[in-house]
Amino acid sequence: MSEVQKKLQELSDSYQKLQGELSTNVEARQKLESQQQENTTVKKEFDLLDDDANIYKQIGPVLLKQDKAEAVMAVNARLEFIEKEIKRVEGQIQGVQEKSEKVKMEIIQIQSAAQQPQETSA
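Every chain is numbered independently, its residues counted from 1 as its sequence is written. Residue-level local features of this predicted model are given only where pLDDT is at least 70; pairs of side-chain atoms are given and counted only at 80 or more, and the full residue set underlies all totals for whole chains, interfaces and linings. To get the side-chain values, take all heavy atoms of the structure and skip hydrogens and water.

**Focus on the layout of surface pockets**
- Put simply, the grid is 1 Å and covers the protein atoms alone, a cavity is a trapped set of points that fit a 1.4 Å probe, a pocket is an open set with protein on both sides within 12 Å along at least five of seven lines, and lining residues have an atom within 4 Å of a point. Grid points are joined across faces, edges and corners, and a volume is the space filled by probe spheres set on the points. As a volume, the largest pocket reaches approximately 200 Å³.
- What lines the largest pocket is Gln-35, Glu-38, Asn-39, Val-42, Phe-46, Arg-78 and Ile-82.
- Elements with a contribution of two residues or more to the lining of the largest pocket: helix H1 (3-48) and helix H2 (68-121).
- The element contributing the most residues to the lining of the largest pocket is H1, with five residues.
- The residue classification treats Ala, Val, Leu, Ile, Met, Phe, Trp, Tyr, Cys and Pro as nonpolar and Asp, Glu, Lys and Arg as charged. All others, Gly included, are polar. Class assignment of the residues belonging to the lining of the largest pocket gives a composition of three nonpolar, two polar and two charged. Secondary structure elements follow DSSP: runs of H or I no shorter than four residues count as helices, runs of E no shorter than two count as strands, and numbering proceeds from the N terminus.

Printed below as a string of structure tokens:
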């Protein structure tokens, strides 16, 4: 295998690995966005409730009564955490996309450089 082919194979493997990473990060972001939507809905439901309404939290197979203020604080904290995680994952996605684009451009450059000598000899 020539040096150019080895380099192309390495870059191709690297590109595929980056695409896999990108896919994993996109799935993570989708999961976080789903959780965010779910918690936003819960927060809206809490806003409709009276302050003395009964709220229960499921812990394993048991439902425990919970104070509304405590429940609202927990949901707000979860939403804050989810937003931070979404920003972190989006940063990772952007980084992987940039790396992937660089590798892709490098592959294209090597391929076009390899094709030019073939065209001149033909």
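**Concerning the UniProt feature "coiled-coil region" (unreviewed entry) in the chain**
- UniProt's entry tags residues 1-45 and 72-106 with the feature "coiled-coil region" (unreviewed entry), counted in the numbering of this structure.
- Taken end to end, residues 72-106 comprises 100% helix and 0% strand; its first and last C-alpha atoms sit 51 Å apart. UniProt positions are given in the numbering used here, feature names are shortened, and annotations may be inferred rather than shown by experiment.

**Here's the deal with the confidence of the model for the chain**
- Per residue, pLDDT measures the predictor's confidence, with a range of 0 to 100. Here the chain averages 92 in pLDDT, and 94% of its residues register 70 or above.
- When mean pLDDT is taken per element in the chain, strand E2 (residues 62-66) scores highest with 95 and H2 scores lowest with 91.

**Some thoughts on the pairing of E2**
- Two strands form a pair only when DSSP identifies at least two bridges running between them. When strand E1 (residues 55-59) meets E2, the two strands line up antiparallel, connected through five bridges. Across the sheet, Gln-58 pairs through a bridge with Leu-63, a residue of E2.
- Counting the residues that bridge the hairpin from E1 to E2 gives two residues, and of these Gly-60 lies at a positive phi of roughly 65 degrees.

**Some thoughts on the pattern of salt bridges**
- Throughout this description, the term salt bridge denotes a Lys or Arg side-chain nitrogen within 4 Å of a carboxyl oxygen of Asp or Glu. Counted according to the given criterion, the structure contains five salt bridges.
- Linking Arg-29 and Glu-33 is a salt bridge whose minimum nitrogen-to-oxygen distance equals 3.9 Å. Pair noted here: Arg-29 and Glu-33 are both in helix H1, with a separation of four residues, about one helical turn.
- For the exposure calls, accessible area comes from a 1.4 Å probe over protein chains only, and a residue counts as buried if that area is under 20% of its type's maximum, exposed if over 50%, partly exposed in between. Overall, the relative accessible area of 35% leaves Glu-33 in the partly exposed class.
- Of the charged contacts, one joins Asp-51 and Lys-68 as a salt bridge, the two residues approaching to 3.6 Å between their closest N and O atoms. Note that Asp-51 is positioned in the loop between H1 and E1 and Lys-68 in helix H2, a separation of 17 residues in sequence.
- The class of Lys-68 is buried, set by a relative accessible area of 11%.

**Things to note about the nonpolar core**
- Residues grouped as a nonpolar core are buried Ala, Val, Leu, Ile, Met, Phe, Trp, Tyr and Cys residues, joined through side-chain atoms within 4.5 Å. The biggest cluster of nonpolar side chains holds 12 residues, and these are Leu-11, Leu-18, Leu-22, Leu-32, Ile-82, Ile-86, Val-89, Ile-93, Val-96, Val-103, Ile-107 and Ile-110.
- Contributing elements (two or more residues each) for this core: H1 and H2.
- With eight residues, H2 is the largest single contributor of residues to this core.
- We call two residues in contact when some of their heavy atoms are within 4.5 Å. Sequence-distant contacts of Leu-11, defined by excluding residues within four places in its chain, comprise Val-103, Glu-106, Ile-107 and Ile-110.
- If you look at the next biggest cluster of nonpolar residues, it comprises five residues, including Phe-46, Ile-55, Ala-71 and Val-75.

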